[in-house]
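# Observations on the three-dimensional arrangement
Each chain is listed here by its residues.
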Amino acid sequence: MNKRPRRNRKNSAIRAMVEETKLGAENLIYPIFIEDGKSVKSEIKSLPNNFRWSLDTLLPEMENCINLGINSFVLFPAVKEALKDKNASYSYANDNFYLKAIHRIKTEFPQIALMSDVAMDPYSSDGHDGLVKNGLILNDETLPILGQMSLAQAQAGIDILGPSDMMDGRVGFLRELLDQNNYKEVSIMSYTAKYASAFYGPFRDALDSAPKNGDKKTYQMNPANKKEAYIEAQLDIEEGADMIMVKPATCYLDIIHMLKEKFDIPITAYNVSGECAMIYAACEKGWLDYDSSMSEMLLSIRRAGADGILTYFAKDFALLLNK
Ligand code: PBG
């Protein structure tokens with residue numbers, strides 16, 4: 001044998017020298033749930049280790065994360081049922097706590113990258129990402145609502161808008177609206193290939209945002225489809241997206257890999273709530289080791305081609321790096 005691949009695995013110095021994939025805290029985007037109120041830190045049942053925070057408890061927690069090297073966050077609002085309506089009008093209301101939180105967070109930590117969620121579901125009495133009429137999710141009628149929501153978030157100081165609704169044409173619509181209103185510096189990270197997945201359950205528990213009727217299959221993608229992700233990516237890039245996302249991540253590594261190979265734009269992946277919940281649950285039972293299994297999951301997403309990873313493991317992974 002003149003070829004022995006094991007020689008390159010001989011000791012940790014050599015293994016580190018030839019390591020192909022590097023994953024650091026700079027690649028991670030930490031999803032955080034916020035609600036209105038004071039002194040709130042309530043654990044999400046189906047997503048242990050993750051909490052709904054109020055702004056006062058969140059700020060010191062964010063500072064802890066920043067000290068660990070996490071500089072990117074995505075913020076999701078948990079809205080009281082009484083404030084929800086068909087038009088998601090609370091999403092751009094003057095006294096909206098989420099918008100105030102964005103402003104305050106960016107004032108406290110101007111150096112971070114703060115990303116929002118742009119979709120109707122957390123604010124909608126129907127629990128859908130678009131406007132519902134006679135049981136149908138209307139596309140074009142949803143766009144102006146997403147527009148108002150986006151302008152309000154831009155005004156509050158958001159760095160990156162995250163349209164997660166999968167309506168057609170929304171990236172172009174939002175880009176034009178932002179530019180017209182002089183928010184040329186606000187970025188768009190589009191949820192480009194977002195699948196109608198079973199893995200969003202814990203997130204919907206966290207926000208009480210599950211659809212009241214039906215499912216999301218007329219706007220989120222069919223898990224069986226790959227070429228369709230290419231079409232979605234082409235459109236979002238043409239329409240002016242700065243980054244494109246694949247969601248979920250681990251069951252969709254082939255999609256991440258394909259988009260990375262075919263397009264030059266940065267690719268991100270959302271390691272969604274259900275994927276993280278599986279690891280938490282198995283570790284709670286003692287069936288898997290937490291540190292090594294969550295690290296391997298994140299590494300595989302990065303190896304597939306993701307530049308950035310949205311993950312509930314962000315803080316724990318950063319803690320591990322700092323050990
Ligand atoms: C809603 C939204 C969802 C997630 C992010 N934004 C849920 C959904 O589409 O129903 C899921 C994230 C996760 O599961 O971690 N627009």
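In what follows, the accompanying structure is described.

Criteria and thresholds
Residues numbered from 1 in each chain as written. Predicted model: local features only at pLDDT ≥ 70, side-chain atom pairs only at ≥ 80, totals over all residues. Heavy atoms only, no water. Salt bridge = Lys/Arg side-chain N within 4 Å of Asp/Glu carboxyl O. Helix = DSSP H or I, 4+ residues; strand = E, 2+ residues; numbered from the N terminus. Expected span 1.5 Å × (residues − 1). Buried < 20%, exposed > 50% of the residue type's maximum accessible area, 1.4 Å probe, protein only. Core = buried A, V, L, I, M, F, W, Y, C linked by side-chain atoms within 4.5 Å. Contact = heavy atoms within 4.5 Å. Axes fitted to C-alpha atoms, helices over the stretch in contact; angles between N-to-C directions. Parallel < 35°, antiparallel > 145°, perpendicular 65-115°, else oblique. Left-handed = near helix turned anticlockwise from the far one by under 90°. Nonpolar A, V, L, I, M, F, W, Y, C, P; charged D, E, K, R; others polar.

### Let's talk about the pattern of salt bridges
Under the criterion given, the structure shown has 16 salt bridges. Salt-bridge contacts for Glu19 lead to Lys22; the nearest nitrogen and oxygen are separated by 3.6 Å. One salt bridge in this structure joins Lys315 and Glu61, with 3.2 Å as the shortest N-O distance. Taken together, the residues span a long stretch of sequence, with Lys315 in helix H11 (residues 314-322) and Glu61 in helix H2 (residues 55-67) at a distance of 254 residues.

### Regarding helix H10 (residues 290-304)
With 15 residues, H10 should reach 21 Å at 1.5 Å per residue; the first-to-last C-alpha distance of 21 Å fits that figure. Those residues of H10 that fall on the buried side of the exposure criterion are Tyr290, Ser293, Met294, Ser295, Met297, Leu298, Ser300, Ile301 and Ala304. Where H10 terminates, the next one or two residues include Gly305, which has phi positive at roughly 130°.

### Notes on the nonpolar core
Core analysis: the largest hydrophobic core is formed by 108 residues, its most contacted members being Phe73 and Ile105. Once residues lying within four places of it in the same chain are set aside, the contact partners of Phe73 are Ile29, Tyr30, Ile32, Met62, Cys65, Ile66, Ile112, Ala113, Leu114 and Met115.

### Considering the packing of helix H4 (residues 143-156) against helix H5 (residues 170-180)
Where H4 contacts H5, the two axes come as close as 10 Å, and the packing angle between them is 45°. On the basis of their axis angle, the class for H4 and H5 is oblique. As H4 runs across H5, the sense of the crossing is right-handed. Of the residues in H5, those touching H4 at Leu143, Pro144, Leu146, Gly147, Ser150, Leu151 and Ala154 are Arg170, Phe173, Leu174, Leu177 and Leu178. Here the contact of H4 with H5 is composed, by residue class, of 9 nonpolar, 2 polar and 1 charged.

### A word on the side chain of Asn27
Within the secondary structure layout, Asn27 lies in the loop between helix H1 (12-17) and strand E1 (28-35). For Asn27, a relative accessible area of 9% corresponds to the buried category.

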